[in-house]
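For reference, the chains in residue letters:
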Amino acid sequence: MTIDVNQTLGQIATAYPTSTFVFMRHRLDFCCGGRQKLSDACKEIGVEPEKLIAEIDREASARFGERWDTKPIPELIDFIIRRYHDTLRSDVPMLIEAARKVERVHAAKPSVPKGLADKLTQIWDELQQHLFKEESSVFPAVREGSRGKTIHGSLRGLMAEHDDQGEAIRAVRELTTDFVPPPEACGTWRGLYAGLEKLEAELMEHIHLENNVMFPRALASESDA
């Protein structure tokens, strides 16, 4: 495995998909923050780049990760909708319901994540608008190879919304003490936090595939026109 410390997190995540598991363990943002160089990211967390590269190498040996940068864009779009959009529509409403139950039943406990259900509802409202925009207009345009200022502006707009989504999920992490339930947490509470941690991981993978794989390829094809 040949990884240069001057490569960005997004580039590494694209070329070595299983590296995302390592990045998530070290709380490195490879999606919205995918333009950061590996050397700078390692400096921030106090880890030698060589150690992180070795960890990525071990992860690659233990897992199989699909490379989407070499596959047709329409195939990638279909995968994103099936794997991430449909999953969000299934999972997020249940998480909101669980959050409301936890806040209601455990309202008297100091450790209860007050305001979590409302925050998740806000996130979901914004996500639904985002998914609709992608599926109804932007993805079809990318699939057809549309070029020009309109599609360029649309992709940049989606990336800005991805930044907002990243900030929102970080706020949820803070509200839930890094998804660590307190000792008195019931089964629903523990399941809620586990579900939110899964949501964060999948949202990062989802945004990475769009920001660092699909969108740059769409923009590159535009510049080649």
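Residues numbered from 1 in each chain as written. Predicted model: local features only at pLDDT ≥ 70, side-chain atom pairs only at ≥ 80, totals over all residues. Heavy atoms only, no water.

**Here's the deal with the overall build of the chain**
Counted only if it meets this: Every helix listed is a DSSP run of H or I at least four residues long, and every strand listed is a run of E at least two residues long, numbered separately from the N terminus. Using C-alpha atoms as the atom set, the radius of gyration is obtained and then compared with a globule rule of 2.2 Å times the number of residues to the power 0.38. Summary of the burial criterion: residues with accessible area below 20% of their type's maximum are buried, those above 50% are exposed, and those between are partly exposed, where the area comes from a 1.4 Å probe applied to protein chains only.
Counting its secondary structure elements, the chain contains eight helices and zero strands. Put simply, the chain runs from its N terminus to its C terminus through helices and strands in the order α-α-α-α-α-α-α-α. Computed over the C-alpha atoms, the radius of gyration of the chain is 19 Å, within 12% of the 17 Å expected from 2.2 N^0.38 for a compact globule of 225 residues. Taken over the C-alpha atoms alone, the chain extends approximately 60 × 45 × 25 Å along its principal axes. Counting only residues that meet the buried cut, the chain has 44% of its 225 residues in that class.

**Some thoughts on the packing of aromatic side chains**
The test is simple: Working definition: a ring pair exists when centres of Phe, Tyr or Trp rings (six-membered ring for Trp) sit within 6.5 Å. Plane angles under 30 degrees give stacked, over 60 give edge-to-face, the rest tilted. Only when the NZ of Lys or the CZ of Arg is both within 6 Å of the ring centre and within 35 degrees of the ring normal is a charge said to sit over the ring.
Within this structure, the stated rule accounts for four aromatic pairs. Relative to Phe 30, the ring of Phe 23 has its centre 6.1 Å away and its plane inclined at 35°; by these criteria the two rings are tilted. Accessibility assignment for this pair places Phe 23 and Phe 30 in one class, buried. Between Trp 189 and Tyr 193 the ring centres are 6.4 Å apart and the planes differ by 85°, which places this aromatic pair in the edge-to-face class. Of this pair, Trp 189 and Tyr 193 both sit in helix 8 (residues 187-223), four residues apart, roughly one helical turn. Connected via pairs of aromatic rings, a cluster forms that spans Trp 68, Phe 79 and Tyr 84. For the cation-ring pair, Lys 71 lies above Trp 68, with the distance from its terminal atom to the ring centre recorded as 4.8 Å.

**Some details on the nonpolar core**
Where we set the bar: We call a set of buried residues a nonpolar core when its members are Ala, Val, Leu, Ile, Met, Phe, Trp, Tyr or Cys and they connect through side-chain atoms within 4.5 Å of each other.
Core analysis: the largest hydrophobic core is formed by 44 residues, its most contacted members being Phe 23, Leu 38, Leu 116, Val 172, Leu 192 and Leu 196. Taken together, the elements giving at least two residues each to this core come down to helix 1 (9-15), helix 2 (19-25), helix 3 (38-45), helix 4 (49-62), helix 5 (73-105), helix 6 (116-143), helix 7 (149-175) and helix 8. Sort the elements by how many residues they give to this core and helix 8 lands first, with eight residues. Ranked by size, the runner-up nonpolar core spans 21 residues in total, among them Ile 73, Ile 77, Tyr 84 and Val 138.

**Considerations on the pattern of salt bridges**
Basically, it comes down to this: The term salt bridge refers to a side-chain nitrogen of Lys or Arg lying within 4 Å of a carboxyl oxygen of Asp or Glu.
Here the structure, examined in full by the defined rule, presents 17 salt bridges. A salt bridge links Lys 133 to Glu 161, with the nearest nitrogen and oxygen atoms 2.4 Å apart. Of the two residues, Lys 133 sits in helix 6 while Glu 161 sits in helix 7, which places them 28 residues apart along the sequence. Judged by its relative accessible area of 34%, Lys 133 is partly exposed.

**Re unusual backbone geometry**
Positive phi, close to 60°, is recorded for Asp 178, a residue that is not glycine. Inspection of the secondary structure puts Asp 178 in the loop between helix 7 and helix 8. On the basis of relative accessible area, Asp 178 is assigned to the partly exposed category, the value being 37%. For Phe 179, which is not glycine, the phi torsion reads 65° and is therefore positive. Following the sequence through the fold, Phe 179 ends up in the loop between helix 7 and helix 8.

**Overview of helix 6**
The condition is simple: Bend, at a single residue, is the angle you get between axes fitted to the 7 residues ending at that residue and the 7 residues starting at it.
For helix 6, the principal kink sits at Glu 134 and spans about 45°. One or two residues past the end of helix 6 sits Gly 145, with phi positive at roughly 75°.

**So, the side chain of His 208**
The following threshold applies: Pairs of residues are marked as contacts when any of their non-hydrogen atoms sit within 4.5 Å.
If you trace the backbone, His 208 turns up in helix 8. Here His 208 is in contact with Gly 10, Ala 13, Thr 14, Phe 30, Cys 31 and Val 213, once residues within four sequence places are set aside.

**Description of the side chain of Glu 210**
To be explicit about the condition: Positive charges come from Lys and Arg alone, negative charges from Asp and Glu alone, with His and the N- and C-terminal ends not counted.
On the secondary structure map, Glu 210 appears in helix 8. Here Glu 210 is buried and forms no salt bridge, its nearest opposite-charge partner Arg 89 lying at an N-O distance of 10 Å. Filtering out sequence-adjacent residues up to four positions away, Glu 210 remains in contact with Ile 80, His 85, His 130, Glu 134, Phe 139, His 162, Phe 215 and Pro 216.

**Thoughts on helix 3**
How we decide: The arc under discussion is defined with respect to the helix axis, by the directions toward the C-beta atoms.
Those residues of helix 3 that fall on the buried side of the exposure criterion are Leu 38, Ala 41 and Cys 42. Seen along its axis, helix 3 keeps its buried residues to an arc of 100°; they face one direction. Helix 3 presents Lys 43 and Glu 44 as exposed residues on the side facing more than 90 degrees away from its buried surface. For helix 3, the secondary structure elements touched by its buried residues are helix 1, helix 2 and helix 4. Of the residues trailing helix 3, Gly 46 is marked for its positive phi of about 70°.

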